[in-house]
Each structure stands twice: as structure tokens, then as C-alpha cells.
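# Structure at a glance
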Amino acid sequence: MKPNLSPVKQRNLWMNNRFYTSVNMKFWISHVISIGWLGISIYISLSWLTDLAEIVTYPLAILIISGIAYIPGYMNSFLVLSLLFDKQPSFKEEFPSDPVTLLIAAYNEEASIFDTLKYVAEQDFTGKIEVIVIDNNSQDNTTAEALRVGQELSLHITVLHESKPGKFHALNQGLTEVETPYVITLDADTLLHPSAVRYLVSRIKSSPDEVCAVAGSMLARNSRETIWTRVQEWDYFLGIASIKRLQGLYQGTLVAQGAFSLYKTEAVRGVAGWPDAIGEDIVLTWRLLSKGWKVFFEPLAVAFTDVPATLSHFTKQRSRWARGMIEGLQEIKPWNQPQIYIKYLTGINLIMPYLDFVYTTCWLPGLVLSCFGYYWIVGPMTLLVLPLTAISYGILYIYQRDYVFRNLDLRVRKNKRGFILFLIAYQMIMSPVSLWGYLQELFKSRRVWE
């Protein structure tokens, strides 16, 4: 690479020099190889499957091993291959100047709104940024603080009031005042990297016309607060980022998250704005995809969010996310999506409750059995799933370190304890929590946003 090129151009040159393969070809090659891995997995595990079947019958043994090893192994193989194939398109315009509007739905954010707006004011984006703060019936001085900060930081801020509780009400109220072609949603406790807005706008300006939204990259801001935040730092850095890159490769990022994403204003209006759903950003994204739009992901558009610091808060958040996924599946069936990639990506979510149920009910008993020399459950997962998981995390770590953090002048924090717990225990927490979210939606429990 030429030393006089900017970091982003160096990255793009490195990407463009790799062997070109169409998205369609990447999709089918990854599938064929992953199906081959599935066949090998079945062959390798036949003895374990047969031994387990003698205890629980063949149909039940197949259901257990499929949920623990076969399907996760296939999915991880597809993920690894897709990450290897991923090639982020070059920016056509690195310094766009199109005006944008930031919508910030705020409820009792007096203490945090200053930092959020300060980082907005420090953006290196040369276009005009309109900020609309929607006070969603706060009981503190959110409105007065937002206006004070706007004056102090010379930000053009409009404050609206929405008395009906619910983030979707607040965002839709803000949408009525948007006059710019692009609108960005930003959580009131989220801090932006100085180039975050510029990279979001650059990505959508560099994308085909059918791209209507770009999801930003979320990282944990408070990762040093508790052991729970330390674990989640790795989930955002590796787990969520890997899924976003996979989905972005196939032009169907499934969640343009409300915490930090950009949308074409008229596209959002075309689907009647944010829906009345606990996962309003999930359902909105799926509605956009169902209209034939595409949604991209920009890893360089980084924002830092406060992740739950306690197990109870984490359980509420992640069960809410799982419930939001079910809301999306109920409204928009995968087979009704117009694009084959989106049919596949949303279709995977249909089997997630099954996978989480099998993991929740069978993994811990399998660990106990392994202590007595019975590896019917632990063996297939250890051999067929965990190596692929390690490979995918390795690929992601190198990418994040060398082509995201380095370009943004960030450094990867040392967090060994959190990483070990993330590898060993995270899924054992996530699956039951997700299962709880599915049950909440099944029985239509009262919605809890926080």
C-alpha cells in the first residue's frame, strides 16, 4: 500500500485488490461448503447419536444433536466463509456534505444528554446537522438541559414533546419535522466517534439507489463497570459485529438499530414510520426489506453505548430483543420477503427458538454427563461447532483491530476475564434469556422497555 494514502483508502485498496466474486456466487459457494460440513458432521457423530438414541429414542436424539451441533455447525460454517468473502465496497465520497437530521428520543435523560450532544457537536461531518430531541414525557429537566446544551455548543436543536409513552411514538413525532433527505436515530445515552456521521452518510451515498438504510457499528462504552459489561464488550466487538458483517454482505442487515442508524427519510415515511412494537427498529427494518429496499452495515461508523451493568437489566434487554424478533416474524413472514438473501436471513430466525430451547434444556445435562465419560452431547458440539466459532472470532478480531480500530485511531482494550467468560458462559445465559423473551411474546406479557 502507498504510504501517502489515507487509512480508509488503504483499506479500500487492500479490499479491491482481492479476488472479485459476485455476492450471489459468495452466497451459494458458502452454502455448498457449509452443507458439506453438515454431512461430515453427521458422519463423525454417528456413534454419539446412536448411543444417545438408546436412551432417548432416535427421533429425540436427532432433535437434540441437531439443535446442539448440526445446525449451529452449519450456521457457523456459513458465517466463517461469508466473513472470508466479505469485501466492503469502497467509498465514492468520503466527505459528503448532504444535510441530515438526528432524532433523539429522550426519557429522563437530563444527566446524559450533554455528553451525547457534545459528541454530536464534535463530528467532522461538513454537512448541516439538525438535531431534534423528542422529550417522551420526562419527569426531569431533559428539555431545559437539551436547550441549554444546544446553545452552549452552537447546535441547531429543536425540542419536541410527546406525552404518549413509547419510543416509537417519540420517533414518529420527530419524523413529522424532518426536512432533510436522511434521518439518523441516536439514543440519548450513546456517544459518537468523531467520524461516525460522516461514515454513515458516505456509505449510503456510495451505495446503490435501492439501499435505504445503513446500520452503524455499536460498541460497549461502559465495559469497565461490572463483570457483565466486560462480557458484553466482547459480544458487541465480536458476536454482534460478525452477524452484522454477514448480513451486510448479503445486502440485508436485519436490524438498523435505533441506537445509531441512518435511513432515507422518504423510505421510513413510506412504511408509516416506526411501528407499535417492543422491537420497533427490527420491525421497521423488516418492513423496509419487504418493500424491496436493501439495508447495509458500515463498520467504521462507530458509536459507544451503555450496556446493562446488572444481570437483571441484561435479561430485560435481551429478552426484549428476542421478543422483537418474534414480532417481526409475525408481521412479515420470511417467504414473503422479495429477495432470496432476505428470505434466508430472516428464515434463520424461525429456528432460533428451537435452538435456544435445545441448548437451554440439554447443554447443562450434557456437561454433567461428560463428567462421567458420556460425551453424547458435549462431544458433537466440542468437535463440530466450537472450532468454527473460534475461527469466526479470530477473523473478526483481526478485521476489527486492523481495519476498523486502526483507521479510527482506537485501540482494543485488554479484557481477558471478560473474554474467558464470554467464551465459556455467555451462550448459557443468552439462550435461557432469549427463551424467556419468546415466551413473553407467546403469552402477550406486558411490554417492558427498560
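You'll find the structure just up there.
Owing to the predicted nature of the structure, the values given are computational and were not obtained by experimental measurement.

The next subject is helix α8 (residues 196–205). Of all 10 residues that make up α8, 9 are buried, and the element is covered over most of its length. For α8, the set of buried residues is A196, V197, R198, Y199, L200, V201, S202, R203 and I204.

So, on to the environment of T346. Locating T346 in the fold gives a position in helix α13 (residues 340–348). In this structure T346 touches L254, W286, L329, P334 and Q337, once residues within four positions along its chain are discounted. At a separation of 2.6 Å, a polar atom in the side chain of T346 contacts the main-chain carbonyl oxygen of I342.

Residues lying three or four places apart along an α-helix face the same way, a consequence of the helix completing one turn every 3.6 residues. Spanning 22 residues, helix α2 (residues 23–44) covers 31 Å between terminal C-alpha atoms, matching the ideal 32 Å at 1.5 Å per step. When we look at burial in α2, the residues that qualify are K26, F27, S30, H31, S34 and S41. In a view along the axis of α2, the buried residues occupy a sector of 125°, so they form one face of it. Counted as exposed and oriented over 90 degrees from the buried face of α2: V32, I35 and Y43. Each element contacted by the buried residues of α2 is listed here: α4 (58–85), α9 (227–249), α13 and α15 (378–384).

Applying the stated criterion across every chain yields a total of 1 cavity of 30 Å³ or more. A volume near 40 Å³ is recorded for the largest cavity. If you trace the largest cavity, you find it lined by D86, Q88, K244, R245, G248, L249, F297, P299 and Y399. Listed by contribution, the elements that provide at least two residues to the lining of the largest cavity are α9 and β8 (294–305). It is α9 that provides the largest number of residues to the lining of the largest cavity, a total of 4 residues. A per-class count over the lining of the largest cavity returns 4 nonpolar, 2 polar and 3 charged.

Quick look at the pattern of salt bridges now. Under the criterion given, the structure shown has 20 salt bridges. In this structure, R198 and D124 form a salt bridge, with 3.1 Å as the shortest nitrogen-oxygen distance. In this pair, R198 is assigned in helix α8 and D124 in the loop between α5 (113–121) and β2 (129–135), connecting sequence segments 74 residues apart. R198 gets classed as buried once you look at its relative accessible area, which sits at 6%. The partner of R148 in a salt bridge is E152, with the nearest N and O atoms 2.6 Å apart. In this pair, R148 and E152 both sit in helix α6 (residues 142–153), 4 residues apart, roughly one turn of the helix. Looking at E152, the relative accessible area reads 46%, which means it is partly exposed. If you follow the salt bridges from partner to partner, you end up with D115, R221 and D306 in one network.

In this section: the sheet that holds strand β1 (residues 100–106). Pairing between the strands of a sheet is mediated by backbone hydrogen bonds and can be parallel or antiparallel. The strand order across the open sheet built from 8 strands is β3-β2-β1-β4-β7-β6-β8-β5, with neighbouring strands paired in mixed fashion. If you trace the sheet from one side to the other, it starts and ends with β3 (156–161) and β5 (191–192), each paired once. Relative to β3, β2 runs parallel, the two sharing 6 bridges. Its bridge partner being in β3, V131 is matched across the sheet by I157. Most of the contacts of helix α11 (residues 280–290) go to β8, to which it runs at about 155°, and overall it touches β6 (211–220), β7 (260–264) and β8.

Once that is clear, we can look at the packing of helix α3 (residues 46–56) against α4. Closest axis-to-axis distance for the α3/α4 pair is 7 Å, and the angle between their directions is 130°. Comparing the axis directions of α3 and α4 gives the class oblique. The two elements α3 and α4 meet at a crossing, and its hand is right-handed. Each of L49, T50, L52, A53 and V56 in α3 lies in contact with α4, whose residues at this interface are Y58, L60, A61, I62, I64, I65 and Y70. Here the residues of the contact of α3 with α4 are counted per class, giving 11 nonpolar, 1 polar and no charged.

Parameters at a glance
Residues numbered from 1 in each chain as written. Predicted model: local features only at pLDDT ≥ 70, side-chain atom pairs only at ≥ 80, totals over all residues. Heavy atoms only, no water. Buried < 20%, exposed > 50% of the residue type's maximum accessible area, 1.4 Å probe, protein only. Helix = DSSP H or I, 4+ residues; strand = E, 2+ residues; numbered from the N terminus. Contact = heavy atoms within 4.5 Å. Polar contact = N/O pair within 3.5 Å; in protein donor to acceptor, adjacent residues only side chain to side chain. Expected span 1.5 Å × (residues − 1). Arc of directions from axis to C-beta. 1 Å grid on protein atoms, 1.4 Å probe; cavity = no way out; pocket = protein on both sides within 12 Å on 5 of 7 lines; lining within 4 Å. Points joined across faces, edges and corners; volume = space filled by probe spheres on them. Nonpolar A, V, L, I, M, F, W, Y, C, P; charged D, E, K, R; others polar. Salt bridge = Lys/Arg side-chain N within 4 Å of Asp/Glu carboxyl O. Pairing = 2+ DSSP bridges. Axes fitted to C-alpha atoms, helices over the stretch in contact; angles between N-to-C directions. Parallel < 35°, antiparallel > 145°, perpendicular 65-115°, else oblique. Left-handed = near helix turned anticlockwise from the far one by under 90°.

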